[in-house]
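# Architecture at a glance
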There are 2 protein chains.
Amino acid sequence: MLLKEIKDIRSIIKDWKKDGLTIGYVPTMGCLHEGHKSLIEKAVSENDKVVVSVFVNPTQFGPNEDYDSYPKNIDEDLEICKKSGASIVFNPDKEEMYFNNKSTTVSVSELTNVLCGAKRPGHFDGVCLVLSKFFNIITPDKAYFGEKDFQQIAVVKRMVRDLNINIEILSCPIVREKDGLAKSSRNVYLSKEERKAALVLNRSLSLAKEELKHGERNSKIIKDIIVNELNKEPLAKIDYVEIVDSESLNDLEIVNTTALIPIAVYIGKTRLIDNFIFNI
Amino acid sequence: MLLKEIKDIRSIIKDWKKDGLTIGYVPTMGCLHEGHKSLIEKAVSENDKVVVSVFVNPTQFGPNEDYDSYPKNIDEDLEICKKSGASIVFNPDKEEMYFNNKSTTVSVSELTNVLCGAKRPGHFDGVCLVLSKFFNIITPDKAYFGEKDFQQIAVVKRMVRDLNINIEILSCPIVREKDGLAKSSRNVYLSKEERKAALVLNRSLSLAKEELKHGERNSKIIKDIIVNELNKEPLAKIDYVEIVDSESLNDLEIVNTTALIPIAVYIGKTRLIDNFIFNI
């Protein structure tokens, strides 16, 4: 069922709660792909009811980012949600979500001054704000996030902890195309040539993973391997390549704990991210 | 019933919700007085169950404020709550409420750069943070605030609106001693001489109210009346005297809409606030 108004979804959720049903929530910006599908299916398997929001959230885009061009495909989103077993697709207008004189900020200070947070000022404030709102509207028991946005999961978990939000945050692994490219709504931006060039993200990470598996623990050496591979691709422009503690997101010079190896790379004008976790 | 742990209160509230009971919430910093009592009694009359929190919240005190000396009287608090019909008194330790590495901020940018917000930097961030937490822990249907902290009500209402918090915010009028002093936990700080001097707050506001009732609409003239009266009292030191729109909290030069007339005055070292609303 497609809903656009807060009062309508609140009314249905009130009834669900009265019946003691559990609610899973999958926040998305629409243009759903297999990665989202895996989240919805996990939510369906773990909850009585599942809500998927498909809201392109203006407050998490920077002034020079792709808010206006962000891909939309509501008909296919509905089809995917239905097939995956979601009960409600929530697709509010931005006027339903935001007042003109909105003045409340929700901000996580740690974890957000590195990686995408450093490169996209205000991005995680926008994420925290919209999720605070959706969490209060949908009041789910569990919420599901994709591990491609690994930093987002860390930030949301911190917010949930600090604000005593009574929601369990769960995640699903990155889903990839057959050729290894991480599924992303932004992949539709890529020309045929860029689509091919984009394979360099996963290829460079795979080389790093091999090196780690063979015992290399020096972050500089591993980063250089990634950077060198990325630099071989003329259409690729590195935004960042990092190796960080997977919990604190602090830089790791030596990989002596569970590490996140995240990269952000422009392929033409399209900014793509990818990562893997390495357990020592 | 006195509870100190989040998991214990969550467990009871879960049962209440299962039984379809409504919950009223009165947030306080303890040292309860008749003003709090009026809030608890209103909550009891409007809800099946009532939770009162008595938590001196460190994050809403400035570095040179009275956090360490803030009065506590948990035995009498329990007695007042019991007599007033509250179901739970929640008195968590600060370690139960805050992590050492807390990093989430909840901030209302409008409404907070005037009056007490201007004079107490960070105060309303602390209020918003702790209330976000208590709202998520207690999940009340209604929450009750005293009109002595009028700006707090405006800020909380804005936060609740902006974050889609599903709680109705209600308020009760200022409760006064027989001689007119607004009830406040901080009144216990006053020496006998200061207690007498403190009457100047209500006295100056009463003069202003008379003038408004007689038709005066020029804010400067009304403010001067308050300031002059306060200045007659040697123990009083003005922190602010303002006349603002009761909704936007913006300065009013002419009282042509519902006005808030708030004052903050040091009596010796004790900072007291008082106010009244004037409907034109």
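Residues numbered from 1 in each chain as written. Chains lettered and ligands numbered in written order. Predicted model: local features only at pLDDT ≥ 70, side-chain atom pairs only at ≥ 80, totals over all residues. Heavy atoms only, no water.

## What about the relation of the copies chain A and chain B?
Convention followed: Only residues with pLDDT of at least 70 in both copies contribute their C-alpha atoms to the least-squares superposition of the copies. By the convention used here, residues are in contact when the closest approach between their heavy atoms is within 4.5 Å.
Expressed as a screw transformation, the operator carrying chain A onto chain B has a rotation angle of 180° and an axial translation of 0.0 Å, and the superposed copies differ by an RMSD of 0.0 Å. Seen this way, the second copy is the image of the first under a two-fold rotation axis. The position closest to the rotation axis in chain A is occupied by the C-alpha of Val106 of chain A, lying 2.3 Å away. A high fraction, 100%, of the interface residues of chain A reappear at the interface in chain B, so the copies pair face to face through one surface.

## Concerning the interface of chain A and chain B
Test applied: By convention, the term buried area covers the 1.4 Å-probe accessible surface removed from two parts as they join, with the contributions of both added. The salt bridge criterion pairs a side-chain nitrogen of Lys or Arg with a carboxyl oxygen of Asp or Glu, the two atoms within 4 Å. By the criterion applied in these results, polar contacts are pairs of N or O atoms within 3.5 Å in which, for protein atoms, one can donate a hydrogen and the other can accept it, and in which residues neighboring in sequence qualify only through two side-chain atoms.
Listed as interface residues are 26 residues of chain A and, on the opposing side, 26 residues of chain B. Roughly 2,400 Å² of surface becomes buried between chain A and chain B when both sides are summed, with 43% attributable to carbon and sulfur atoms. Linking chain A with chain B are zero salt bridges, by the criterion used here. Across the contact surface, chain A and chain B share 22 residue pairs in polar contact (both at pLDDT 80 or more).

## A word on the UniProt feature "binding site: (R)-pantoate" (unreviewed entry) in chain A
Residues and elements named next belong to chain A. Put simply, the rule is: UniProt positions are given in the numbering used here, feature names are shortened, and annotations may be inferred rather than shown by experiment. Only protein atoms enter the calculation, which uses a 1 Å grid: trapped sets of points that fit a 1.4 Å probe without letting it out are cavities, open sets showing protein on both sides within 12 Å along at least five of seven lines are pockets, and any residue with an atom within 4 Å of a point is a lining residue. Secondary structure elements are taken from DSSP: a helix is a run of H or I of four residues or more, a strand is a run of E of two residues or more, and numbering for both begins at the N terminus.
The sites that carry the UniProt feature "binding site: (R)-pantoate" (unreviewed entry) are, in the present numbering, Gln60 and Gln152. Sequence-wise these annotated residues cover 93 residues; spatially they are packed, their C-alpha atoms never more than 11.5 Å apart. Within this annotated set, the largest cavity is lined by Gln60 and Gln152. In this structure, Gln60 sits in the loop between strand E3 (49–54) and helix H3 (74–84). Non-local contacts of Gln60, meaning those with residues more than four positions away in its chain, are made with Met29, Glu65, Arg120, His123, Gly126, Val127 and Val130. Assignment of secondary structure puts Gln152 in helix H7 (residues 150–162). Beyond its immediate stretch of four places on either side in the chain, Gln152 contacts Phe124, Val127 and Phe145.

## So, the side chain of Thr104 of chain B
Rules: Between buried and exposed lies partly exposed: a residue is buried under 20% and exposed over 50% of the maximum accessible area for its type, with that area taken using a 1.4 Å probe on protein chains only.
If you trace the backbone, Thr104 of chain B turns up in strand E5 (residues 104–108). For Thr104 of chain B, a relative accessible area of 5% puts it in the buried group. Within the local environment of Thr104 of chain B, its side chain forms a polar contact with the side chain of Asp162 of chain A, the two groups lying 2.9 Å apart. Those residues within four positions of Thr104 of chain B in sequence are excluded, and the remaining contacts are Val106, Ser107, Val108, Arg158, Met159, Asp162 and Leu163 of chain A together with Leu129 of chain B.

## Quick word on the domain arrangement of chain A
Bring the parts together and some accessible area is lost; that lost area is often taken as the interface size. All names here are of chain A. What counts here: In this document the domain limits rely on a domain assignment from an automatic tool or a database. Three residue categories are used. Nonpolar comprises Ala, Val, Leu, Ile, Met, Phe, Trp, Tyr, Cys and Pro, charged comprises Asp, Glu, Lys and Arg, and polar comprises the others, including Gly.
Domain annotation of chain A identifies domain 1 (2–172) and domain 2 (185–278). Computed from C-alpha coordinates alone, the two centres of domain 1 and domain 2 are separated by 26 Å. Overall, the association of domain 1 and domain 2 removes approximately 1,700 Å² of surface from exposure, summing both partners, and the carbon and sulfur fraction of that is 61%. Inspection of the region where domain 1 meets domain 2 yields two salt bridges. One salt bridge in this structure joins Arg186 and Asp66, with 2.8 Å as the shortest N-O distance. Inspection of the region where domain 1 meets domain 2 yields eight residue pairs in polar contact (both at pLDDT 80 or more). For the side of domain 1 that touches domain 2, the class distribution of residues is ten nonpolar, five polar and six charged.

## Brief notes about the UniProt feature "binding site: beta-alanine" (unreviewed entry) in chain A
All names here are of chain A. Mapped onto this structure's residue numbering, the UniProt feature "binding site: beta-alanine" (unreviewed entry) falls at Gln60. In this structure Gln60 comes out as buried when scored by relative accessible area, which is 10%. In this structure the side chain of Gln60 is engaged in a polar contact, spanning 2.9 Å, whose partner is the side chain of Asn57.

## A short note on the layout of surface pockets
Operational definition: Grid points are joined across faces, edges and corners, and a volume is the space filled by probe spheres set on the points.
Its boundaries defined by the atoms lining it, the largest pocket holds a volume of some 1,800 Å³. Of all elements in the fold, only helix H1 (6–18) and helix H6 (123–138) of chain A together with helix H1 (6–18) and helix H6 (123–138) of chain B reach the threshold of two or more residues within the lining of the largest pocket. Here the residues of the lining of the largest pocket are counted per class, giving 18 nonpolar, twelve polar and 14 charged.

## Topic: the pairing of strand E7 (residues 168–172) of chain B
Looking along a regular strand, one sees side chains alternate from face to face of the sheet. As a reminder, the rule being used: Two strands pair under a simple rule: DSSP has to find at least two bridges between them.
Where strand E6 (residues 142–146) of chain B lies against E7 of chain B, five bridges are found, and the strand directions are parallel. Across the sheet, Lys142 of chain B pairs through a bridge with Glu168 of chain B, a residue of E7 of chain B.

## A look at empty space enclosed by the protein
Residues and elements named next belong to chain A. Summed over the entire model, instances satisfying the criterion amount to four cavities of 30 Å³ or more. Lining the largest cavity are 49 residues, and of these His36, Tyr70, Lys148, Asp149 and Gln152 sit closest to its centre. Ranked by residue count, the leading element in the lining of the largest cavity is H6, at six residues. Of the residues in the lining of the largest cavity, the class split is 25 nonpolar, 16 polar and eight charged. Composition of the lining of the largest cavity by domain shows at least three residues from each of domain 1 (2–172) and domain 2 (185–278).

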